[in-house]
Amino acid sequence: MSTQASRPGSIRDAVTAARSLFATGASKPLAWRLDRLKAMNQMLLDHRDDFSSALAADLGKHPAEAWLTEIGFLTAEISHTAKHLKRWLAPQRVEVPPALQPAKAHTVLEPLGVVLVIAPWNYPIQLLLAPVIGALAAGNTVVAKPSEMAPACSAALARWVPEYLSGAVTVVEGGVPETTELLAERFDHIFYTGNGRVGRIVMEAAARHLTPVTLELGGKSPVYIDDTVDMKAAAARIAWGKFMNAGQTCVAPDYVLGTPGALARLARELGKAILAQHGDDPAHSPAYGRMATDAAFARVAGMLEQDLRHGEGSRLVSGGRHEAATRYIEPTVLHVGSGAALMKEEIFGPVLPLVTVESAQDAINFINVRDKPLSLYVFSSDTGVRAAFTQRTSSGALNFGVPVAHLSVPGLPFGGVGASGMGNYHGQHSVHTFSHRKPVLDKPLSPDTLALVYPPSGALKRQVITRLVAPAKRRLRAR
Ligand code: NAD
């Protein structure tokens, strides 16, 4: 563990220090929170090149993509949060029923305490710091654990975060042993992004301390497309969302459902879109990434090989080349049957299977017998089809006409449902995630209207209670 907390016992020390700072109350004033957000922004701008090089070293990310999906994404989130934070934190008045009058009620947001953030490797800077923005904005102190699978990014974070956010955020680097040690500590909230297997480990550890958790997990995010859309434009968007970061995006389109006619047209256009975005040999495209690890390469290439060789109904549309030495997998599109290896788990790589269905209803049934997706993408201009997907499916998010982009709308909550996760964040939703919404009721002692309900209760008091305070029967107004 090469970390800010690298001596034995230092993980406990890191948590204790974060707790001590929180206990002083220093993190509560709005000015402290805004200063921390400003400092993080400055860190990202001062060391943009360093973070960008780390992303290139770990994931082969092009600087433009690094800015769009990581560094610039974070500066936009900081600026949105800083702009609105004062208003978000203002107490919210709540109506008091006549029976309790005179009285005033409101809610206040209070910070939870010390937050643990555990991040994955695929967007190693964004997914560590975006929850940290929310946790600081809500007035917490933070212990942050970057992914050991993105070592250059982890090192850059461990180097710069202490310089700009000393005390407020402590970075603990490391892998399973360090995370296990962290999880043995008591936190006031744990925010985990990654796979569902580790999500279960995190939730079990949190249960021991009754710590609330946010789990940002993954799964297979489907696309449905029909013949009513501009196929060329749709193909360009699907190719962009699928092949960015070499398919290693939690909300990347995982597979496409459509009728045979729609899929045939889409397949033709996808080939052209890939050519336009990455050239005829994407291995030489500076905008095209690599699989993060040998294991990730072997898993995705293995599923692809299996389906191309033995998959019933499998037919290659474009791509298919791969090279273990450079962890390169060409952007690949293929037709598969629903029993294909590629349809058994989240692909998390640049391979896009097309699966034939009879109709939109058939696609809805296909989706509904599987785990609830993190995102669902519908390309259709048929209002009936759009309404059917809205009303009859459940997913973390539902987008029409564009994959992935909902992440960049800070007003939208981002998170999963069912197997794709629990809780959400971004913008104001982050502030709510990392706060306790405390109800405050203030009733003057005089006049003591509650005297009407104090025991002993005779007939008059019973009448007052059943008529005014807790009516026995309340008629619901007919609509
Ligand atoms: P990963 O391997 O980097 O693991 C995530 C974190 O868990 C790391 O910090 C790691 O140190 C820790 N970890 C790993 N094993 C552990 C263990 N046994 N005990 C305790 N901690 C452990 O990343 P990953 O899980 O491979 O990430 C990919 C998955 O994450 C995909 O399923 C993807 O869809 C999902 N994901 C979800 C989101 C989202 O926002 N919902 C974003 C990105 C990725």
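Residues numbered from 1 in each chain as written. Predicted model: local features only at pLDDT ≥ 70, side-chain atom pairs only at ≥ 80, totals over all residues. Heavy atoms only, no water.

### Structural notes on the pairing of strand 13 (residues 332-336)
Argument step 1. Counting buried positions over the five residues of strand 13 gives five, a clear majority of the element.
Argument step 2. Residue alternation in strand 13 divides its side chains into two sets, Thr332, Leu334 and Val336 and Val333 and His335, and both sets are buried.
Argument step 3. As judged from the three bridges shared by strand 10 (residues 315-318) and strand 13, these two strands associate in the antiparallel manner. In the sheet register, Ser318 faces strand 13, and the bridge partner there is Val333.
Argument step 4. Here strand 13 runs beside strand 14 (residues 351-356); their pairing, made up of five bridges, is parallel. Bridge pairing in strand 14 places Val333 opposite Leu352. (Buried < 20%, exposed > 50% of the residue type's maximum accessible area, 1.4 Å probe, protein only. Helix = DSSP H or I, 4+ residues; strand = E, 2+ residues; numbered from the N terminus. Pairing = 2+ DSSP bridges.)

### Quick notes on the domain arrangement of the chain
Frequently, the measure chosen for interface size is the accessible area that the parts lose on association.
Argument step 1. Parsing the chain into structural domains produces domain 1 (3-217 + 425-436) and domain 2 (222-409).
Argument step 2. Across the boundary between the two partners, domain 1 contributes 15 residues, which contact 17 residues of domain 2.
Argument step 3. Together, the buried faces of domain 1 and domain 2 total about 1,300 Å²; carbon and sulfur atoms form 56% of this surface.
Argument step 4. The largest share of the area that domain 1 buries against domain 2 comes from Leu59, Trp121 and Tyr123, three residues that together contribute 30% of it.
Argument step 5. In this assembly, domain 1 and domain 2 are joined by zero salt bridges.
Argument step 6. Among the secondary structure elements, those contributing two or more residues to the side of domain 1 that touches domain 2 are helix 3 (48-59) and helix 4 (63-89).
Argument step 7. No other element matches helix 4, which puts three residues into the side of domain 1 that touches domain 2. (Domains from an automatic or database assignment. Contact = heavy atoms within 4.5 Å. Buried area = accessible area lost by both parts, 1.4 Å probe. Salt bridge = Lys/Arg side-chain N within 4 Å of Asp/Glu carboxyl O.)

### Examining the site of the ligand
Argument step 1. If you check the shell around the ligand, you find 26 residues, and the closest are Ser147, Glu148, Asn195, Leu217 and Glu346.
Argument step 2. Ser147 is positioned such that a nitrogen or oxygen atom in its side chain is 2.6 Å from an oxygen atom of the ligand.
Argument step 3. In the environment of the ligand, an oxygen atom lies 2.6 Å from a nitrogen or oxygen atom belonging to the side chain of Asn195.
Argument step 4. When the free accessible area of the ligand is taken as 850 Å², the share hidden by the protein chains comes to 92%.
Argument step 5. For the shell around the ligand, the secondary structure elements donating two or more residues are helix 7 (176-184), strand 6 (189-193) and helix 8 (196-208).
Argument step 6. Split by domain, the shell around the ligand shows at least three residues from each of two domains, domain 1 (3-217 + 425-436) and domain 2 (222-409). (Near = heavy atom within 4 Å. Polar contact = N/O pair within 3.5 Å; in protein donor to acceptor, adjacent residues only side chain to side chain. Areas by Shrake-Rupley, 256 points an atom, 1.4 Å probe, with all protein chains shown as cover.)

### Some details on the packing of aromatic side chains
Argument step 1. In total, this model carries seven aromatic pairs according to the counting rule given.
Argument step 2. When the centroid spacing of 4.7 Å and the interplanar angle of 70° are considered together, the rings of Phe191 and Tyr425 count as edge-to-face. Taken together, the residues Phe191 in strand 6 and Tyr425 in the loop between strand 17 (421-422) and helix 14 (427-433) connect sequence positions 234 residues apart.
Argument step 3. Judged by relative accessible area, Phe191 falls into the buried class, the value being 0%.
Argument step 4. Counting every residue linked through ring pairs, the aromatic cluster contains Phe191, Phe414, Tyr425 and Phe434.
Argument step 5. When the ring centre of Phe366 is taken as origin, the NZ or CZ atom of Arg370, which lies over that ring, is 3.6 Å away. (Phe/Tyr/Trp six-rings, centres within 6.5 Å; stacked < 30°, edge-to-face > 60°. Lys NZ or Arg CZ within 6 Å of the ring centre and 35° of its normal.)

### Overview of the sheet that holds strand 2 (residues 104-111)
For sheets, the rule is that strands pair by backbone hydrogen bonds, running either parallel or antiparallel.
Argument step 1. Pairing is antiparallel in the open sheet, where three strands are placed in the order 1-2-18. Lying at the two open borders of the sheet, with one neighbouring strand each, are strand 1 (92-94) and strand 18 (435-442). Taken pair by pair, the neighbouring strands of this sheet meet at an average axis angle of 30°, ignoring direction.
Argument step 2. Both strand 1 and strand 2 contribute to a ladder of three bridges, which runs antiparallel. Across the sheet, the residue bridging to Val94 is Ala105, located in strand 2. (Axes fitted to C-alpha atoms, helices over the stretch in contact; angles between N-to-C directions.)

### Some details on the packing of helix 12 (residues 360-368) against helix 13 (residues 383-392)
Argument step 1. Two elements in contact, helix 12 and helix 13, have axes separated by 10 Å at closest approach and are oriented at 20°. When the axes of helix 12 and helix 13 are compared, the pair comes out roughly parallel. Crossing handedness for the pair helix 12 and helix 13: right-handed. Facing helix 12, whose interface residues are Ala360, Gln361, Ala363, Ile364, Ile367 and Asn368, helix 13 presents Val385, Ala388, Phe389 and Arg392.
Argument step 2. Residues that form the contact of helix 12 with helix 13 fall into these classes: seven nonpolar, two polar and one charged. (Parallel < 35°, antiparallel > 145°, perpendicular 65-115°, else oblique. Left-handed = near helix turned anticlockwise from the far one by under 90°. Nonpolar A, V, L, I, M, F, W, Y, C, P; charged D, E, K, R; others polar.)

### Structural notes on the packing of helix 2 (residues 30-46) against helix 6 (residues 151-165)
Argument step 1. Remark: helix 2 packs on helix 6, axes separated minimally by 9 Å, with the N-to-C direction vectors making an angle of 140°. Taken together, the axis directions place helix 2 and helix 6 in an arrangement best described as oblique. The interaxial crossing formed by helix 2 with helix 6 has right-handed handedness. The residues of helix 6 that touch helix 2, namely those facing Arg36, Ala39, Met40, Gln42, Met43 and Asp46, are Trp160, Val161, Tyr164 and Leu165.
Argument step 2. Grouping the constituent residues of the contact of helix 2 with helix 6 by class yields seven nonpolar, one polar and two charged.

### A closer look at the pattern of salt bridges
Argument step 1. According to the stated counting rule, one finds 13 salt bridges in the structure shown.
Argument step 2. The salt bridge involving Arg159 is made with Asp50; its shortest N-O contact spans 4.0 Å. With Arg159 in helix 6 and Asp50 in helix 3, the pair connects residues that are 109 residues apart, well separated along the chain.
Argument step 3. The class of Arg159 is exposed, set by a relative accessible area of 52%.
Argument step 4. What makes Asp50 partly exposed here is its relative accessible area of 29%.
Argument step 5. Where Asp188 meets Arg186, a salt bridge forms, and the shortest distance between an N and an O atom there is 3.5 Å.
Argument step 6. Take Arg186: its relative accessible area is 42%, and that puts it in the partly exposed class.

### Focus: the nonpolar core
Argument step 1. In this structure, Met40, Ile225 and Leu266 are the most contacted members of the largest nonpolar core, which totals 86 residues.
Argument step 2. Considering each element in turn, this core owes the most residues, nine residues, to helix 5 (residues 126-137).
Argument step 3. Residues from two domains meet in this core; each of domain 1 (3-217 + 425-436) and domain 2 (222-409) gives at least three.
Argument step 4. When near neighbours in sequence (up to four residues on either side) are disregarded, Ile225 contacts Met231, Ala234, Ile238, Val256, Leu257, Gly258, Ala262, Leu263, Leu266 and Phe379.
Argument step 5. By size, the runner-up hydrophobic cluster in this structure holds 31 residues, among which are Leu304, Met343, Ile364 and Phe389. (Core = buried A, V, L, I, M, F, W, Y, C linked by side-chain atoms within 4.5 Å.)

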